[in-house]
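# Architecture at a glance
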Amino acid sequence: MKKYYMWVIGCQMNLADANKVAARLEALGYVPTDSERDADVIVLNTCVVRQSAEDKAAGRISSLKSLKKQNPDLVIAVMGCLVGNKPSPKLRERFPHVDVFMPPANPEPLVEFLESRFHERVPEGVSPWEQSLKFQSLEEGGVPVSAYVPIVYGCSHACTYCIIPYRRGPERSRPADEIVREVEDLVAQGVREVTLLGQIVDRYGVDLRREDPSAPDLADLLRMVHDVKGLWRIRFLTSHPSYLDDRILEVVAGLPKVCEHIEVPVQSGDDVVLQNMKRGYTVDDYRRIVEKIRMMVPEASIVTDIIVGFPGETEEQFRHTYELMEELRLDVMHLARYSPRPGTVAARRMPDDVPEEEKWRRFRLLEDLQARISAEKNAGYLGKELVILVERKQKGRWMGRTRNYKLVFFSDDGNWRGKLARVKITWTGPWSMIGKVVGEVSPPA
Ligand code: SF4
């Protein structure tokens, strides 16, 4: 039996893309292996959102040179944002041992290569959008309970620090019926929760409505996905302060399967820095969207992203970010140190003038602040009973998440994978909680 090995880094979009390649390889008769040495085909899905990710991908690709030497029939394929929508000839010079370079979310170059090299054929009727969860199941010891479903590829925004539009191209929404069929197929494979993905997920359908004004937007799509039988929970990310509107928040507040969990990056708490980032909103605009979320969906958790050390960021401008986070007390803060990305406006026009150790100092100050805020927020759940969707065992304990994305662990001999458990919280920390299971909860219809 021919085998494939999958290596994935980066965002949730990359994981969903890898599952699509997996489905195509399985349609050609390959099965997943967790050892690159046993593989006939190796696929590396890459990320370049920061220099450290790009270095990791390049190192991993180079590490396969010796395997290729030992086995010249081994097929090595590289995809993702290192390749981008238009694979550059420089990549082939840099990695001559790689057979196929695939743009993000496009497995066809590999399928065509295997069909021509080994005269294999994808049988009729295999849907191009299908995801296979088999290699993930190998890693996780069972079918993943939760899966990611891209709904918009690319991004038409132009934040000055971001390489994504250059590598994934402008925004392209997928047809709603195709997305619904993909969700139905995932539920048939055992998935209970889906997260709809887009760089700016709120802009779903904007491009479709240029052609057909009656095309669905995100609120409509959430309603369509909500009707999928056997699906218990729906999440969506990543939102943008300028596009997260009342229609979307009404659906979060109104539809039982849509979870109270909003990911809306602010990136900085200073208006001058936001202008230099070309984010398209002000700090006050961000305050207003947080206020609106809390008014329309009081139990919602709010997750944000912050970049520290953006070119020119002064101590005072950093203070503004710190004070804004102190004031808003959000649930999670994803932190990143500014990393100049090749070809971006910031890398071309703005010197990376904040020293690395200063970037780390600012990073740690915000990290400590968020640890304090999250610890105080989670302490409020002590003694309470929370319902979690159990994902898997981790270090001997069952782990899962609440609807508002809180991480909870519990110990029990029963098999809780993929079940809804009611857990009484006995310990809380900044990043997770521990509890005692008090019962199973029946899933939504
Ligand atoms: S919204 Fe900005 S940061 Fe997000 S993917 Fe688009 S360009 Fe990048």
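The structure presented is a predicted model; accordingly, all values stated were derived computationally and were not measured.

Each value, and the rule that gives it
Residues numbered from 1 in each chain as written. Predicted model: local features only at pLDDT ≥ 70, side-chain atom pairs only at ≥ 80, totals over all residues. Heavy atoms only, no water. Pairing = 2+ DSSP bridges. Helix = DSSP H or I, 4+ residues; strand = E, 2+ residues; numbered from the N terminus. Right-handed = clockwise from strand over helix to strand, strands pointing away. Near = heavy atom within 4 Å. Nonpolar A, V, L, I, M, F, W, Y, C, P; charged D, E, K, R; others polar. Axes fitted to C-alpha atoms, helices over the stretch in contact; angles between N-to-C directions. Phe/Tyr/Trp six-rings, centres within 6.5 Å; stacked < 30°, edge-to-face > 60°. Buried < 20%, exposed > 50% of the residue type's maximum accessible area, 1.4 Å probe, protein only. Lys NZ or Arg CZ within 6 Å of the ring centre and 35° of its normal.

## A word on the pairing of strand β1 (residues 3-8)
In this sheet, strand β2 (residues 31-32) lies alongside β1 in parallel orientation, the contact comprising two bridges. Residue pairing across strands places Tyr-4 opposite Pro-32, the latter belonging to β2. Handedness of the β1-helix α1 (residues 12-27)-β2 crossover: right-handed. The sheet contact formed by β1 and strand β3 (residues 41-46) spans five bridges and is parallel. Looking at β3, one finds that Trp-7 is bridged to Leu-44.

## Describing the site of the ligand
The local shell around the ligand consists of Cys-155, His-157, Cys-159, Tyr-161, Cys-162, Ile-164, Pro-165, Gln-199, Ile-200 and Arg-279. Split by residue class, the shell around the ligand holds seven nonpolar, two polar and one charged.

## Points about the sheet that holds strand β6 (residues 146-150)
Working definition: the strands of a sheet are paired by backbone hydrogen bonds and lie parallel or antiparallel to each other. Taken in spatial order, the three strands line up as β6-β9-β10 in an open sheet, and their pairing is parallel. Every interior strand has two partners, whereas the edge strands, β6 and β10 (233-237), have only one. Pairs of neighbouring strands in the sheet enclose a mean axial angle of 25°, with direction left out of account. Sheet topology places β6 next to strand β9 (residues 193-197); five bridges connect them, and they run parallel. Along β9, the bridge assignment pairs Ala-147 with Val-194.

## Overview of the packing of aromatic side chains
Under the counting rule described, the total for this entry stands at five aromatic pairs. Ring centres of Tyr-161 and Phe-310 lie 6.4 Å apart, and the angle between their planes is 85°; this geometry places the pair in the edge-to-face category. Of this pair, Tyr-161 sits in the loop between β7 (152-153) and α7 (164-168) while Phe-310 sits in the loop between β12 (301-308) and α14 (315-328), and the two are 149 residues apart along the sequence. You'll find Tyr-161 and Phe-310 in the same group, each marked buried. Judged by centre distance (5.2 Å) and plane angle (65°), the rings of Trp-360 and Phe-363 are edge-to-face. Of this pair, Trp-360 and Phe-363 both sit in helix α16 (residues 356-379), separated by three residues, roughly a single helical turn. An aromatic cluster of at least three residues, connected via ring pairs, comprises Tyr-161, Phe-310 and Tyr-338. Sitting over the ring of Phe-118, Lys-2 keeps its end group 3.8 Å from the ring centre. Here the basic side chain of Arg-192 rests over the ring of Trp-232, its NZ or CZ set 5.1 Å away from the ring centre.

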